[in-house]
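Topology and contacts: notes
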Amino acid sequence: MSAVIARDSRTPWSTVTRPPARWWRDASAAFAWAVVLFVVALWVSGGGLTDFGALGDGLTNVGRLAGLLASALILLQVLLLARIPIVEQAWGQDELARVHRLVGFTSFTLILTHIGLVMVGYSVGTGVGVVGTFLDEVLHSPGMLLALAGALALVMVVVTSVKMARRRLRYESWHLLHLYAYLGAGLALPHQLWSGADFRASTASTVFWWGLYGAALASVLIFRVAVPLARSLRHRLVVSEVVAESPTVTSVVLTGRNLHRLPVRAGQFFQWRFLDGAGWSRANPYSLSAAPDGHSLRLTVEGVGDSSERLGGLRPGTRVLVEGPYGRLHAGVRTREKSVLIGAGIGITPLRALLEELPPGPDATVLIYRVGSRDDLVLSEELVSLAASRGARVTAVVGHRQLSGDSWLPVEASHVDDAEALRRIVPDIAERDVYVCGAPAWMDAVIAAARSAGVPEEAIHHERFSY
Ligand SMILES: Cc1cc2nc3c(=O)[nH]c(=O)nc-3n(C[C@H](O)[C@H](O)[C@H](O)COP(=O)(O)OP(=O)(O)OC[C@H]3O[C@@H](n4cnc5c(N)ncnc54)[C@H](O)[C@@H]3O)c2cc1C
């Protein structure tokens, strides 16, 4: 078991990542709605409401609106996922992933509607039918072949994201296919430029569309490429120690230059690339398992597949590239004096780091650690000793999960109500912030129980260990 990394005074770097005010979240949502409304306004000003004379015109007209909205939503998606710090901190990864899924499926439906309505509309009265019209458009209209390729790329992204297909794919394969969404968005541009009259209908329209495409491209290049590269070069992280915590769990300690300037807080995570040959091409998210002390970072990883299992064999001196820090599971989002940290399995890692950073005091923090068996407890010695030094209380809830899968409690406690169990362990839970981390289904059960126990929505903070 590795030694406790304890820190008694709050260090200046722990205040670097401040969560943006709540209104940033509302402001970014308002921006997205404003974009959608502006697209509708452009369509209306281009004759959208009056172009309903003949059946074909009417269908094409509505199809045009669907296409414009689909383009805007896809570009908003790119902005949403560009990891713009203020957006990422305002929403949090879990919420962004949920919105991404919703907007993704909506824009996909709009693309299909666009293609369907425009083709049927064009075909009315031509005598060549919908298929003939479709082929004619693809083969003879400028940019249309590229747009079709783009649409097919997006179809592939959506199909591989449907739950059943997603389960059958390795994460890396799914992620690689998902990147084709950028290609899909890019390939739609030529047909908007060449044949999409809406793109060039007015100066406002041209400025708007170029602005949106430009902002999406710039934010990806800046926040997903330039900033991570600059940060990695600046801090030059290297593996300094590899510690076996259990037969399946490994801690990796990293050192680097000027780590006191890295704007990271306990509870956050990075995407890590270990440059030891095969590792450079794969970025995996791991949370810090100790509060950053300005000199080193530590992550603790359970081996569940190729990348995570490989970490046990890392050699000291291995260079590491990082993207991040990301995540809202840090002390800066607190709304109350006291907290409860509830983690399951390897989900304990960010909570272990948070325990080190949250204000000390008698019973100020309660940590509930849910595991299947005592052998699954990791970092337990340091948790106990850290809790003692900070006046915190640690409760392990041990036992196999219930078959129904909708309770956070073990089968031995199936007679106890989920919320009641929380209240028994932490009677004043309704007056505390609740931080939750673990497997998605288990987290859903804990969050539901916390709500039933009276914890308000804004005091519940969570990070899922899978997207
Ligand atoms: C925000 C966050 C923080 C995490 N922190 C920790 C941690 O501190 N300790 C820890 O042990 N685990 C953590 N995980 C889980 C860890 O990222 C995965 O277990 C690991 O990436 C698995 O990769 P693999 O190649 O070993 O296994 P695989 O067999 O390739 O994957 C197993 C499962 O892990 C998930 N996964 C794989 N690769 C990625 C990826 N690049 N991005 C997101 N999910 C992926 C997928 O759900 C996949 O089905 C975290 C995950 C997230 C999303």
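The next subject is a positive patch on the surface. Among the surface-exposed residues, R101, K163, R167 and R168 lie close enough to one another that they form a single positively charged patch. Sorting elements by how many residues they give to the positive patch places helix 7 (residues 163-168) first, with three residues. By the element assignment, K163 lies in helix 7.

Read across the open sheet, the six strands follow the order 4-3-6-1-2-5; overall the sheet is antiparallel. What marks the edges here is a single partner per strand, and that holds for strand 4 (284-287) and strand 5 (296-302). Within the sheet, the average angular offset between the axes of one strand and its neighbour, ignoring direction, is 40°. The pairing of strand 2 (residues 249-255) with strand 5 spans seven bridges and is classified as antiparallel. Bridged to L254 within strand 5 is L297. Where helix 11 (residues 203-235) meets the sheet, its contacts fall on strand 1 (237-244) and strand 6 (319-326), and the angle it forms with strand 6 comes to roughly 125°.

Attention shifts here to helix 11. Between its first and last C-alpha, helix 11 extends 45 Å over 33 residues, near the 48 Å set by a 1.5 Å rise per residue. The axis of helix 11 is deflected most strongly, by about 30°, at A226, and proline P228 appears within four residues downstream. Turning to helix 11, its buried residues number three or more, namely S205, F208, W209, L212, Y213, A216, S219, V220, P228, S232 and H235.

Counting 40 residues, the largest nonpolar core has V39, F208, W209, L212 and Y213 as the members making the most contacts within it. Elements with a contribution of two residues or more to this core: helix 1 (22-45), helix 2 (55-80), helix 3 (85-91), helix 4 (93-123), helix 6 (144-159), helix 9 (180-194) and helix 11. Here this core takes 13 residues from helix 2, the largest share from any one element. With sequence-adjacent residues up to four places away left out, V39 is seen in contact with L68, L69, A72, F208 and W209.

Pairing is parallel across the open sheet formed by five strands, whose spatial order is 9-8-7-10-11. The strands lining the two open edges of the sheet, one partner per strand, are strand 9 (393-398) and strand 11 (460-464). Averaged over all adjacent pairs, the angle separating strand axes in this sheet is 15°, with direction ignored. Sheet analysis places strand 7 (residues 339-344) next to strand 10 (residues 433-438), joined by five bridges and oriented parallel. Paired with S339 across the bridge in strand 10 is D433. With respect to the sheet, helix 15 (residues 418-425) is in contact with strand 7, strand 8 (365-371) and strand 9, its orientation differing from that of strand 9 by roughly 145°.

Size of an interface, as often reported, equals the accessible area lost when the parts are brought together. Structurally, the chain comprises domain 1 (22-228), domain 2 (236-326) and domain 3 (331-464). If you average the C-alpha positions of domain 2 and of domain 3, the two centres end up 24 Å apart. Listed by partner, the interface residues are 17 residues for domain 2 and 14 residues for domain 3. With a shortest N-O distance of 2.9 Å, E382 and R298 are connected by a salt bridge. Put simply, domain 2 and domain 3 have three residue pairs in polar contact (both at pLDDT 80 or more) between them.

What follows covers the site of the ligand. Neighbouring the ligand are 23 residues, the closest being N284, P285, E302, S308 and T349. Within the backbone of T300, one N or O atom sits 2.9 Å away from a nitrogen atom of the ligand. In isolation the ligand has 870 Å² of accessible area, and contact with the protein removes 85% of it. Counting residues per element, the ones that place at least two in the shell around the ligand are helix 8 (171-178), strand 4, strand 5 and helix 12 (306-310). Counting residues per element, the shell around the ligand draws most heavily on strand 4, at four residues.

Quick look at unusual backbone geometry now. For the bond running from G324 to P325, omega is 5°, close enough to zero to count as cis. Tracing the backbone shows P325 in strand 6. We note that N258 has phi near 50°; this positive angle belongs to a residue other than glycine. Along the chain, the position of N258 falls in the loop between strand 2 and strand 3 (269-274). Take N258: its relative accessible area is 37%, and that puts it in the partly exposed class. One non-glycine residue with positive phi stands out, namely D363, at about 60°. With respect to the secondary-structure elements, D363 resides in the loop between helix 13 (348-357) and strand 8.

Scoring rules and cut-offs
- Residues numbered from 1 in each chain as written.
- Predicted model: local features only at pLDDT ≥ 70, side-chain atom pairs only at ≥ 80, totals over all residues.
- Heavy atoms only, no water.
- Patch = residues over 30% accessible without salt bridge, like charges linked within 9 Å, V, L, I, M, F, W, Y side chains within 5 Å.
- Areas by Shrake-Rupley, 256 points an atom, 1.4 Å probe, with all protein chains shown as cover.
- Salt bridge = Lys/Arg side-chain N within 4 Å of Asp/Glu carboxyl O.
- Lys, Arg positive; Asp, Glu negative; His and termini not counted.
- Charge placed at Lys NZ, Arg CZ, Asp CG, Glu CD.
- Helix = DSSP H or I, 4+ residues; strand = E, 2+ residues; numbered from the N terminus.
- Pairing = 2+ DSSP bridges.
- Axes fitted to C-alpha atoms, helices over the stretch in contact; angles between N-to-C directions.
- Contact = heavy atoms within 4.5 Å.
- Expected span 1.5 Å × (residues − 1).
- Bend = angle between axes of the 7 residues up to and from the residue.
- Buried < 20%, exposed > 50% of the residue type's maximum accessible area, 1.4 Å probe, protein only.
- Core = buried A, V, L, I, M, F, W, Y, C linked by side-chain atoms within 4.5 Å.
- Domains from an automatic or database assignment.
- Polar contact = N/O pair within 3.5 Å; in protein donor to acceptor, adjacent residues only side chain to side chain.
- Near = heavy atom within 4 Å.

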